[in-house]
Amino acid sequence: MDEKEIVSGTESTLEEDFEKLEELLKEMEREDIGIEEAFDCYAKGMELIKQSNSKIDLVEKKVKLLSDNLTTEDFEE
Amino acid sequence: MSVYTVEQLNNYILSMFRNDYLLHDVSVRGEISNCKYHSSGHIYFTLKDAASNLSCVMFASNASKLKFTLENGMEAEVRGSVENYVRDGKYQLYAKSVIKGDAGNLAVRFEELKKRLREEGLFDEDIKQPIPKEVKKLGIVTASTGAAVRDIISISKRRNPYVELILYPAQVQGEGAKESIVKGIDALTQYGVDVIIVGRGGGSMEDLWAFNEEEVAQAIFNCPIPVISAVGHETDFTIADFVADLRAPTPSAAAELAVSEIGPVLDAIEDYSERIYYTMDRIIRLRRMESEQFKKRILLASPKQKINAKRMECARFEDKFSGSMQEILKSRKNMLSLYIERMKRVSVLDRLNGGLAYVSDENHKRMTSVGQFEEGKNFELRLKDGVVHAQTVTVTRDDLCKKED
């Protein structure tokens, strides 16, 4: 597995991740793909999905009020 | 020639002023001086410029509507009627409203600033920054109360509740508004956000004026973070709109432009996950099937398999042989029993048992015809229990058995 490629994935945008996933799937859908090659694609794809999910911090955020000295407090809506 | 009283003349002059199309509703620009707030609520002041002075009075009923305090040295545009004060025989401007600064000339200033900033390149399309698609931190510069901030927050949250909203509560109109907006842009830049929305809800041209100030335009222009302007309604255009990286027609629209919907993104990730999984599963099943087929072919080609095949062939032959052997034996046995039956039928012993005799000559040669006999010739009669040695007496030929022959 190409570790470098996976690591660089953390820098990419979700859109770029989706493009990579699309490429991996296209590769996997090739008639003559070998099982090792397919597993490699699979591992890369699953890693990309993990990274994509971690890019979206699935915690609802509170609105913050920013003051001139750059401190924040919760905004009472 | 008629002679009038002073009052009559002054009243005549008053009526002339009142009938004049210009003097009964006029706007005059100048600097305020000799400003006096009377205890009655009236304001007395002089409007002046470099060459001339004009007495002004603002009655309490109008003065109470003023949102700011008139001060000496203040540039102002005063609107009212010019009338003659009969008691003193003095004309003065009866002020109904005052606009501070040269704000009265807002439209002209707007066009001038727009032209200049356009020439300076602040509106150039090719230097506008794209709005990032995946905004995690959204900065907002607007008033902390009112429809604008509520709309931005509710639409952002509806589209993506995971986006962090940082609000700089800015003063968006009146004295100090432009400074406050500039501070907000700077503070959010230092804090670090992905996009900044700068704006406010609808209002009059004066209300929106802070967004036409050069300081605000420069702050937006120099902001390293993409800025979306959202000032007033769709029909309101401000300098901020021209200089911003993107103009949103309303604060709600700004939130929609800044925050992309998270639902489809999460669906896409889920979808990819499933597709990758099932594609891999399919490949594994396919390859397994192929390897099963190879296994079968290899087994078929192995020496063991060949030996087995030969062995099977041998067994088959063996079966075949043994089968035919059995057949042969069986048919032979049948034949034998047939022979035995036939033998039985022709058996001499049986006939002897039935009382017949076997006739033979002295040399044990079988004699079956009278022709073999001669008178005096010896012959033997074998019966079931012994042999009789006899001699031929006479021979008589008859044809008793001729038919059977």
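Each chain has its residues counted from 1, running along the sequence as written. As they are written, the chains are lettered A onward and the ligands numbered 1 onward, keeping that order. The predicted origin of the model limits local features to residues at a pLDDT of at least 70 and limits the giving and counting of side-chain atom pairs to 80 or more, whereas totals for whole chains, interfaces and linings rest on all residues. To obtain the side-chain values, all non-hydrogen atoms of the structure were included, while hydrogens and water were left out.

Examining the packing of helix α5 (residues 177-191) of chain B against helix α6 (residues 214-222) of chain B
Residues and elements named next belong to chain B. Threshold: Lines are fitted to the C-alpha atoms to define the axes, a helix being fitted only along its stretch in contact, and any angle between axes, read from their N-to-C directions, falls within 0 to 180 degrees. Strands here are runs of E lasting at least two residues and helices are runs of H or I lasting at least four, both read from the DSSP assignment and numbered beginning at the N terminus. What sets the label is the angle itself: under 35 degrees gives roughly parallel, over 145 gives roughly antiparallel, 65 to 115 gives roughly perpendicular, and the rest give oblique. Any two residues having at least one pair of non-hydrogen atoms within 4.5 Å are treated as being in contact. Basically, the charged four are Asp, Glu, Lys and Arg, the nonpolar ten are Ala, Val, Leu, Ile, Met, Phe, Trp, Tyr, Cys and Pro, and anything else, Gly included, counts as polar.
The contact between α5 and α6 brings their axes to 9 Å, and the two run at 10°. Taken together, the axes of α5 and α6 are roughly parallel relative to one another. Along the contact surface, α5 presents K178, I181, V182 and I185, while α6 presents E215, V216, A219 and I220. Class assignment of the residues belonging to the contact of α5 with α6 gives a composition of 6 nonpolar, no polar and 2 charged.

Some details on unusual backbone geometry
All names here are of chain A. Rule in force here: Only protein chains enter the accessibility calculation, which uses a 1.4 Å probe. A residue is then buried if its area is under 20% of the maximum for its type, exposed if over 50%, and partly exposed in between.
If you check the backbone angles, L70 has positive phi at about 65° while not being a glycine. With respect to the secondary-structure elements, L70 resides in the loop between β1 (64-66) and β2 (72-74). Among the residues examined, L70 registers a relative accessible area of 29% and is labelled partly exposed.

Regarding a nonpolar patch on the surface
All names here are of chain B. Inclusion rule: The residues that make up patches have over 30% relative accessible area and no salt bridge, and they are joined within 9 Å when like-charged or within 5 Å when they are Val, Leu, Ile, Met, Phe, Trp or Tyr. Calculation of accessible area relied on Shrake-Rupley with a 1.4 Å probe; when residues are assessed, cover is drawn exclusively from the protein chains displayed. Each salt bridge in this description consists of a side-chain nitrogen of Lys or Arg and a carboxyl oxygen of Asp or Glu lying within 4 Å of one another.
On the surface, a cluster of nonpolar side chains totalling about 330 Å² of accessible area is made up of L9, Y12 and M16. Checked against the element boundaries, M16 lands in helix α1 (residues 6-19). Judged by its relative accessible area of 48%, M16 falls in the partly exposed class.

Re the domain arrangement of chain B
We apply this condition: Note that the domain bounds reflect an automated or database-derived domain assignment.
When cut into domains, chain B gives domain 1 (6-101), domain 2 (135-261), domain 3 (264-301) and domain 4 (350-391). Relative to domain 3 of chain B, the C-alpha centre of domain 1 of chain B lies at a distance of 91 Å.

Comments concerning the packing of aromatic side chains
Residues and elements named next belong to chain B. As a reminder of what qualifies: Each Phe, Tyr or Trp ring, with Trp reduced to its six-membered ring, pairs with another whose centre is within 6.5 Å; inter-plane angles below 30 degrees give stacked pairs, above 60 give edge-to-face pairs, and intermediate values give tilted ones. Geometrically, a lysine NZ or arginine CZ counts as sitting over a ring once it is within 6 Å of the ring centre and also within 35 degrees of the ring normal.
Overall, the coordinates contain 7 aromatic pairs over all chains when judged by the stated rule. Taking the centre distance of 6.1 Å and the plane angle of 35° together, the rings of F17 and Y91 count as tilted. Here F17, found in helix α1, pairs with Y91, found in strand β5 (residues 90-100); they are 74 residues apart in sequence, far enough to count as distant. One aromatic cluster in this structure is built from F123, F237 and F242. One Lys or Arg, R118, reaches over the ring of F242 and ends 5.9 Å from the middle of that ring. Sitting over the ring of F237, R247 keeps its end group 3.7 Å from the ring centre.

Topic: the environment of B:E83
Residues and elements named next belong to chain B. Rule in force here: We call two N or O atoms a polar contact when they sit within 3.5 Å, provided that within protein one can donate a hydrogen and the other can accept it, with sequence-adjacent residues counted only if both atoms are side-chain atoms.
Inspection of the secondary structure puts E83 in strand β4 (residues 75-85). In this structure E83 comes out as buried when scored by relative accessible area, which is 17%. On a C-alpha basis, the gap between E83 and L23 in space is 7.7 Å, while along the polypeptide they are 60 residues apart. In this view, E83 contacts L14, F17, R18, K90, Y91, Q92 and Y94; residues no more than four positions away in its chain are not counted. Within the structure, E83 has its side chain in polar contact with the side chain of R18 (distance 3.0 Å).

Notes on a negative patch on the surface
Just so we agree on the cut-off: For the purpose of charge, His is not counted, nor are the chain termini; Lys and Arg are scored as positive and Asp and Glu as negative. Here the site of a charge means atom NZ of a Lys, CZ of an Arg, CG of an Asp or CD of a Glu.
There is a patch of like negative charges on the surface, built from A:E16, A:E19, A:E23 and B:E134. Within the fold, A:E19 resides in helix α2 (residues 14-28).

As for the interface of chain A and chain B
Defined as follows: Summed over both partners, the accessible area lost on bringing two parts together, with a 1.4 Å probe, is the buried area.
On the side of chain B, 36 residues touch chain A, which itself brings 39 residues to the contact. Interface of chain A and chain B: buried area, both sides summed, is about 3,500 Å²; carbon and sulfur atoms make up 68% of it. Our count for the chain A to chain B interface comes out at 4 salt bridges. Between A:E22 and B:R275 there is a salt bridge, and its shortest N-O distance comes to 3.1 Å. Remark: the boundary between chain A and chain B carries 16 residue pairs in polar contact (both at pLDDT 80 or more). For the side of chain A that touches chain B, the elements supplying multiple residues, two or more each, are α2, α3 (35-55) and β1 of chain A.

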